[in-house]
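Chain by chain, the residues:
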Amino acid sequence: MRNFLQSVALLAAITLVLGGCASTGGMWPEPSPQAQPMPAEAQSSSKAQKLWQVFERYRGTPYEYGGSSAEGFDCSGFIVTAFEEGLGQQLPRTTSQMLALGDVVHPGQIQPGDVVFFQIGGKEQHAGIYMGGDRFVHASTSAGVIQSSISGYYWQGRLTQARRFD
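Throughout what follows, the structure given in this document is the object of discussion.

Thresholds, definitions, all that
- Residues numbered from 1 in each chain as written.
- Predicted model: local features only at pLDDT ≥ 70, side-chain atom pairs only at ≥ 80, totals over all residues.
- Heavy atoms only, no water.
- Helix = DSSP H or I, 4+ residues; strand = E, 2+ residues; numbered from the N terminus.
- Contact = heavy atoms within 4.5 Å.
- Areas by Shrake-Rupley, 256 points an atom, 1.4 Å probe, with all protein chains shown as cover.
- Buried < 20%, exposed > 50% of the residue type's maximum accessible area, 1.4 Å probe, protein only.
- Phe/Tyr/Trp six-rings, centres within 6.5 Å; stacked < 30°, edge-to-face > 60°.
- Salt bridge = Lys/Arg side-chain N within 4 Å of Asp/Glu carboxyl O.
- Pairing = 2+ DSSP bridges.
- Axes fitted to C-alpha atoms, helices over the stretch in contact; angles between N-to-C directions.

1. Considering the overall build of the chain
Here comes step 1: Helix and strand counts for the chain stand at five helices and eight strands.
Here comes step 2: Mapped in sequence order, the helices and strands of the chain form the string α-α-α-β-β-α-α-β-β-β-β-β-β.
Here comes step 3: Considering only contacts in the chain between residues 6 or more positions apart, those separated by 24 or more positions represent 54%.
Here comes step 4: Total accessible area computed for the chain in this model is approximately 9,400 Å², and 56% of it derives from carbon and sulfur atoms.

2. Considerations on unusual backbone geometry
Here comes step 1: Not every positive phi belongs to a glycine, and Asp134 is a case in point at roughly 70°.
Here comes step 2: With respect to the element layout, Asp134 can be found in the loop between β5 (123–132) and β6 (135–140).
Here comes step 3: Under the relative-accessibility criterion, Asp134 is labelled partly exposed at 27%.

3. A short note on the packing of aromatic side chains
Here comes step 1: Counted by the stated rule, this structure contains eight aromatic pairs.
Here comes step 2: Here Trp52 and Phe55 contribute two aromatic rings whose centre-to-centre distance is 4.8 Å and whose plane-to-plane angle is 55°, an arrangement assigned as tilted. Remark: Phe55 and Trp52 occur in helix α3 (residues 46–58); sequence separation between them is three residues, near one turn of the helix. Comparing Trp52 with Phe55, the two get one shared label, buried.
Here comes step 3: Summarising the aromatic geometry, the rings of Phe136 and Trp155 are spaced 5.4 Å apart at their centres and angled 90° between planes, so their arrangement reads as edge-to-face. Here the residue Phe136 occupies a position in strand β6, and Trp155 occupies one in the loop between β7 (144–149) and β8 (159–164), the gap between them amounting to 19 residues.
Here comes step 4: Classification of Trp155 as buried rests on a relative accessible area of 10%.
Here comes step 5: Grouped by ring-pair contacts, the aromatic residues Phe118, Phe136, Tyr154 and Trp155 constitute a single cluster.

4. Topic: the environment of Cys75
Here comes step 1: Relative to the helices and strands, Cys75 resides in helix α4 (residues 75–87).
Here comes step 2: Residue class for Cys75 comes out buried when judged on its relative accessible area of 7%.

5. Considerations on the pattern of salt bridges
Here comes step 1: Evaluation of the coordinates by the stated rule reveals five salt bridges.
Here comes step 2: Between Arg59 and Glu56 there is a salt bridge, with the nearest N and O atoms lying 2.5 Å from each other.
Here comes step 3: Its relative accessible area of 17% is what places Arg59 among the buried residues.
Here comes step 4: Relative accessible area serves as the criterion here: at 38%, Glu56 is assigned to the partly exposed category.

6. Looking at the pairing of β5
Here comes step 1: With respect to burial, β5 is a largely interior element, seven of its 10 residues being buried.
Here comes step 2: Of the pairings in the sheet, the one linking strand β4 (residues 115–120) to β5 comprises six bridges and is antiparallel in character. Residue pairing in the sheet places Val116 in a bridge with Gly128 of β5.
Here comes step 3: Pairing of β5 with β6, which is carried by three bridges, proceeds in the antiparallel orientation. When the bridges of β6 are listed, Ile129 appears paired with Val137.
Here comes step 4: Two successive antiparallel strands, β5 and β6, enclose a turn made up of two residues, where Gly133 displays a positive phi of approximately 55°.

7. A word on the sheet that holds β4
The pairing of strands in a sheet happens through backbone hydrogen bonds and is either parallel or antiparallel.
Here comes step 1: Pairing is antiparallel in the open sheet, where six strands are placed in the order β3-β8-β4-β5-β6-β7. The sheet terminates laterally at β3 (103–105) and β7, the two strands that pair on one side only. Between one strand and the next, the sheet's axes are offset by a mean angle of 35°, whatever the strand orientation.
Here comes step 2: Across the sheet, α3 lies against β5, β6, β7 and β8, angled at about 130° from β7, the strand it touches most.
Here comes step 3: Helix-sheet contacts for α4 involve β4, β5, β6 and β7, and the interaxial angle to β5 is about 35°.

Structure follows, in C-alpha cells:
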C-alpha cells in the first residue's frame, strides 16, 4: 500500500510539472495590451489605421458571447463594430456568414485590414482583423479585446483563411 501511495504522489508531482510546461505561465508573455504599438505595416494603410483607432477605443473590453458593444464583444461582434465605426462598412454578423462573403485572400497576400479566421475545436469559429507584422486584433474569450500574434503559442497553426471586405 505504501508503494502505491508513493507512486500516486510521484505521478501527481510529474503531472503538475508537465502541466506547467503546457501553460503560458512558464512562457514569455506577450507585452501588456497597453504597451503594444500599432504594427509598422498597418501605419502605411489608411484602412488599417482607421480599424486600429477603433481597436484603441475598445482595447480591454471584456468578452461577451453575442456581444457587440462597449459592454462586451464576441469575436465577430468586435469585427462588425470595427468595420462599421472605422470604415462605415456593414459586415455580416457571424463568422460563418463572413466566411461565405468577402474576397478570398491567399495566405501570402494577407494585408492589414483583412479578416483572418482560425480553427478551434475542428471548425472555423474565431476571427480577428490582421494588422500586419504577424499581429491581429480580436475579442479573446480569455482577455477581451486584445492584439495577438498569429504565430503565438495558442494561435500558431490555427489560421485557416482570410477574407477581404472592400
